[in-house]
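One-letter residues, chain by chain:
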Amino acid sequence: MVRKKLKPLEYAFYLLKSRDRSIGEMKEKLKRRECTPQEINETISFLLEKDFLNDQRFAENFVRYKKIIKPVGKFYLRNKLLEKKIPVEIIEKVLSETPDEPSEIEELAESWLTKNKKVPRDKIYEKLSRHLISRGFEWEKVREVVNGKCHHGGGEGSYFT
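Just so you know, the residues in each chain are numbered from 1, in the order the chain's sequence is written. Where local features are concerned, this predicted model is filtered to residues with pLDDT of at least 70; where side-chain atom pairs are given and counted, the filter is 80 or more; whole-chain, interface and lining totals use all residues. Note that water and hydrogens are dropped before the side-chain values are worked out from all heavy atoms of the structure.

Asker: Got a minute to help me understand the packing of aromatic side chains in this structure?
Answerer: For any pair of aromatic rings, the description rests on two quantities: the centre-to-centre distance and the angle between the ring planes. Classification of ring pairs rests on two measures: the distance between centres of Phe, Tyr or Trp rings, Trp counted by its six-membered ring, which must be within 6.5 Å, and the angle between planes, read as stacked under 30 degrees, edge-to-face over 60 and tilted in between. Enumeration over the complete set of coordinates arrives at 4 aromatic pairs. Ring plane angle 90 degrees and centroid distance 6.5 Å describe the contact between Phe13 and Phe46, whose orientation is recorded as edge-to-face. Remark: Phe46 occurs in helix 3 (residues 37-49) and Phe13 occurs in helix 1 (residues 8-18); sequence separation between them is 33 residues. We call a residue buried when its accessible area falls under 20% of the maximum for its residue type, exposed when it is over 50%, and partly exposed in between, using a 1.4 Å probe and counting protein chains only. Residue Phe13 is classed as partly exposed on the basis of its relative accessible area, which comes to 32%. Within the aromatic cluster, the residues linked to one another by ring pairs are Phe13, Phe46 and Phe52. In this description a helix means any DSSP run of H or I spanning at least four residues, a strand means any run of E spanning at least two, and both kinds are numbered starting from the N terminus.

In structure tokens form, the structure reads like this:
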């Protein structure tokens with residue numbers, strides 16, 4: 001069976017059918033499809049004019065979706081949005097509207113502690129901190145939560161009660 005090569009706009013709609021795309025992603029996909037610069041510009045212009053492409057909306061939806069799936073911090077989200085070729089100004093605006101919540105970090109810490117009960121006491125602070133930072137959370141907030149979980153006072157919420 002011979003596959004018909006889709007025109008650039010048809011291909012763009014085919015891509016948008018499965019999920020929202022950023023402008024940069026769409027340009028990359030069209031370039032890889034060997035479309036001419038003129039075809040790419042015309043296709044992108046049309047999609048922008050009709051509001052099929054919108055980097056602000058894409059970034060907001062991307063952040064909301066990622067935070068629903070699993071708790072992640074703004075450094076993780078910033079890197080992922082840069083990979084999607086979202087302009088830095090839009091990334092900063094979207095991330096300023098959705099700060100890292102201590103409750104997200106605490107939830108992730110609790111989950112990690114539950115799954116890692118065999119980690120030696122003297123290694124928990126280091127390993128838990130590393131895990132939370134790898135999820136893109138700010139060090140100051142991570143330190144605050146981990147100190148609360150690992151302090152040796154044995155108070156409420158402490159891992160060592």
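Asker: Would you take a moment to explain the packing of helix 4 (residues 55-69) against helix 5 (residues 74-83) for this structure?
Answerer: Describing two packed helices takes the angle between their axes plus the distance from one axis to the other. It is the contact of helix 4 with helix 5, at a shortest axis distance of 11 Å, that shows an interaxial angle of 135 degrees. In terms of orientation, helix 4 and helix 5 fall into the oblique class. For the element pair helix 4 and helix 5, the recorded crossing hand is right-handed. Between helix 4, through Phe58, Ala59, Phe62, Val63, Lys66 and Lys67, and helix 5, the contact on the second element is made entirely by Tyr76, Leu77, Lys80 and Leu81. Residues were grouped as follows: Ala, Val, Leu, Ile, Met, Phe, Trp, Tyr, Cys and Pro as nonpolar; Asp, Glu, Lys and Arg as charged; and all remaining residues, including Gly, as polar. Of the residues in the contact of helix 4 with helix 5, the class split is 7 nonpolar, no polar and 3 charged. Interaxial angle, 0 to 180 degrees, is taken between N-to-C directions of lines fitted to C-alpha atoms, where a helix line uses only the stretch in contact. Small angles under 35 degrees read as roughly parallel and large ones over 145 as roughly antiparallel, with 65 to 115 read as roughly perpendicular and the rest as oblique. Put simply, a crossing is left-handed when the front helix is turned counterclockwise from the back one by less than a right angle, and right-handed when it is turned clockwise. In this analysis, two residues are considered to be in contact whenever any of their non-hydrogen atoms come within 4.5 Å of each other.

Asker: What is the right way to look at the nonpolar core in this model?
Answerer: Considering soluble globular proteins, one finds that nonpolar side chains tend to be buried as a cluster. Take the buried Ala, Val, Leu, Ile, Met, Phe, Trp, Tyr and Cys residues and link them wherever side-chain atoms come within 4.5 Å; each set so joined is a nonpolar core. Ranked by size, the top nonpolar core spans 14 residues in total, and within it Trp112, Ile124, Leu128, Leu132 and Val146 carry the most contacts. Mapped onto this core, the elements with two or more residues apiece are helix 7 (102-115), helix 8 (121-134) and helix 9 (139-150). Setting aside residues up to four positions removed in sequence, Leu132 forms contacts with Ile105, Leu108, Ala109, Phe137, Val142 and Val146. Residues Val63, Val72, Tyr76 and Leu95 belong to the second largest nonpolar core, which totals 13 residues.

Asker: Sorry, what's going on with unusual backbone geometry here?
Answerer: Glycine aside, residues mostly have negative phi, and peptide bonds are mostly found in the trans state. The phi dihedral of Glu34 is positive, around 65 degrees, even though this residue is not glycine. Take Glu34: it is sitting in the loop between helix 2 (23-32) and helix 3. Look at Glu34 and you get exposed, because its relative accessible area is 67%.

Asker: Which parts of the structure should I look at to understand the side chain of Arg135?
Answerer: Tracing the chain through its elements places Arg135 in the loop between helix 8 and helix 9. None of His or the chain ends enter the tally, which takes Lys and Arg as positive and Asp and Glu as negative. A carboxyl oxygen of Asp or Glu within 4 Å of a side-chain nitrogen of Lys or Arg is what we treat as a salt bridge. No salt bridge is formed by the buried Arg135, whose closest oppositely charged neighbour, Glu107, lies at an N-O distance of 8.6 Å. For Arg135, the contacting residues outside a window of four places in its chain are Lys70, Pro71, Val72, Gly73, Tyr76 and Leu108.

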